[in-house]
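Topology and contacts: notes
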Amino acid sequence: MTDPRSWESELPALAEFQSVSLADLNKVALMSRVDSKYTLHIGRLNELLQVLSKHYDVLQIEQCRIFRYVSQYYDTPDFQFYNDHHNGKPNRTKVRTRLYVESGTSFLEVKKKIKGNLTEKSREALALHGDQTDIHDARVLHQASIDGHSLIPTLEVTYSRITLSSHSIQERVTIDLGLTFRFGSRTKVLDGLVIIEVKQDKIKRESPVIMALRQRQMRPLRISKYAMGMVLMEAVDKINAFRFKLYKLYRDWE
């Protein structure tokens, strides 16, 4: 996984942001929210950050502003969660563990996409990241009516993340860099791709980041890292619903 310090040297505009602490950021947790995702090439990110520095603070812990994440996704043996997404099921679920590398903390998370654009997320702390025995009887799975014993580990995704908090509206922005997908013995690295996710309590078109992206002719792209990774790793047969989106992704990261 790329050292976050190498990204900071490539993104000098990140130093222009005022910092926000994790405690203050968590006041805008947005566990129930509306998400909008955008993609762009890493070569365009620094200029965008220059614009956003007037409107957002950046999460900083000690001297670090870019943090490493490891997400391990779980699915049924027949990939029900992936297929629900591919088939456009209005109410669908994703299950993953997430390791925050710098702090060493790990959580099991259940994300539910509710009909429309609403996402609800629940989670609980784990003792060990990636240990499947930890998730079998997890409280958060019981609450979501998911049988943990029916799940297997599927896709692993590693990346580095910048997190911004808006000055003026209830909004967080995450910027993910250096994505690496692993499925079994296969690995694919997407160093040129940046995924920007805008998280709001409700859709606010006056969002500075959304306006900045729109001015650069960028439009939302509704795809998940899990679905994207499963297709890229050729782990699934059904991919027709994502062909156009993958074309756009190739265009953005190459």
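First things first, this report covers the structure right here in the doc. Only a predicted model underlies this, so the values are computations on that prediction, with no experimental measurement involved.

Scanning the protein chain from N- to C-terminus turns up eight helices and 11 strands. Over its C-alpha trace the protein chain gives a radius of gyration of 18 Å, about what one expects of a compact globule, namely 18 Å for 254 residues. Seen through its principal axes, the protein chain has C-alpha atoms that stretch 45 × 40 × 35 Å. Out of the 254 residues in the protein chain, the part that is buried amounts to 55%. With the model as given, the accessible surface of the protein chain reaches about 11900 Å², and the carbon-plus-sulfur share is 49%. For the protein chain, the centre of its 39 positive side-chain charges and the centre of its 31 negative side-chain charges are spaced 7 Å apart.

Quick look at the packing of helix 3 (residues 45-52) against helix 6 (residues 208-215) now. Where helix 3 meets helix 6, the closest approach of the two axes is 10 Å, and the angle between their N-to-C directions is 135 degrees. By the angle between their directions, the pair helix 3 and helix 6 is classed as oblique. Viewed along their axes, helix 3 and helix 6 form a crossing whose handedness is right-handed. Along the contact surface, helix 3 presents Leu48, Val51 and Leu52, while helix 6 presents Pro208, Val209, Ala212 and Leu213.

Let us look at the packing of aromatic side chains. By the definition in use, this model includes five aromatic pairs. Aromatic side chains Tyr73 and Tyr226 sit 4.9 Å apart centroid to centroid with 20 degrees between the ring planes, which places their arrangement in the stacked category. Taken as a pair, Tyr73 in strand 4 (residues 67-75) and Tyr226 in helix 7 (residues 225-232) lie far apart in primary sequence, 153 residues in all. Ring centres 6.0 Å apart and planes at 65 degrees place the aromatic pair Tyr82 and Phe242 in the edge-to-face group. Remark: Phe242 occurs in the loop between helix 7 and helix 8 (243-253) and Tyr82 occurs in helix 4 (residues 80-86); sequence separation between them is 160 residues. Each of the two residues, Tyr82 as well as Phe242, counts as buried. The structure contains a cluster of three or more aromatic residues connected by ring pairs, namely Tyr69, Tyr100, Phe107 and Tyr159. The ring of Phe107 has Arg123 lying over it, and the distance from NZ or CZ to the ring centre is 3.8 Å. Taking NZ or CZ as reference, Lys225 lies 4.9 Å from the ring centre of Tyr159, over its face.

What counts, and where the lines are drawn
Residues numbered from 1 in each chain as written. Predicted model: local features only at pLDDT ≥ 70, side-chain atom pairs only at ≥ 80, totals over all residues. Heavy atoms only, no water. Helix = DSSP H or I, 4+ residues; strand = E, 2+ residues; numbered from the N terminus. Rg over C-alpha atoms; globule rule 2.2 N^0.38 Å. Buried < 20%, exposed > 50% of the residue type's maximum accessible area, 1.4 Å probe, protein only. Areas by Shrake-Rupley, 256 points an atom, 1.4 Å probe, with all protein chains shown as cover. Lys, Arg positive; Asp, Glu negative; His and termini not counted. Charge placed at Lys NZ, Arg CZ, Asp CG, Glu CD. Axes fitted to C-alpha atoms, helices over the stretch in contact; angles between N-to-C directions. Parallel < 35°, antiparallel > 145°, perpendicular 65-115°, else oblique. Left-handed = near helix turned anticlockwise from the far one by under 90°. Contact = heavy atoms within 4.5 Å. Phe/Tyr/Trp six-rings, centres within 6.5 Å; stacked < 30°, edge-to-face > 60°. Lys NZ or Arg CZ within 6 Å of the ring centre and 35° of its normal.

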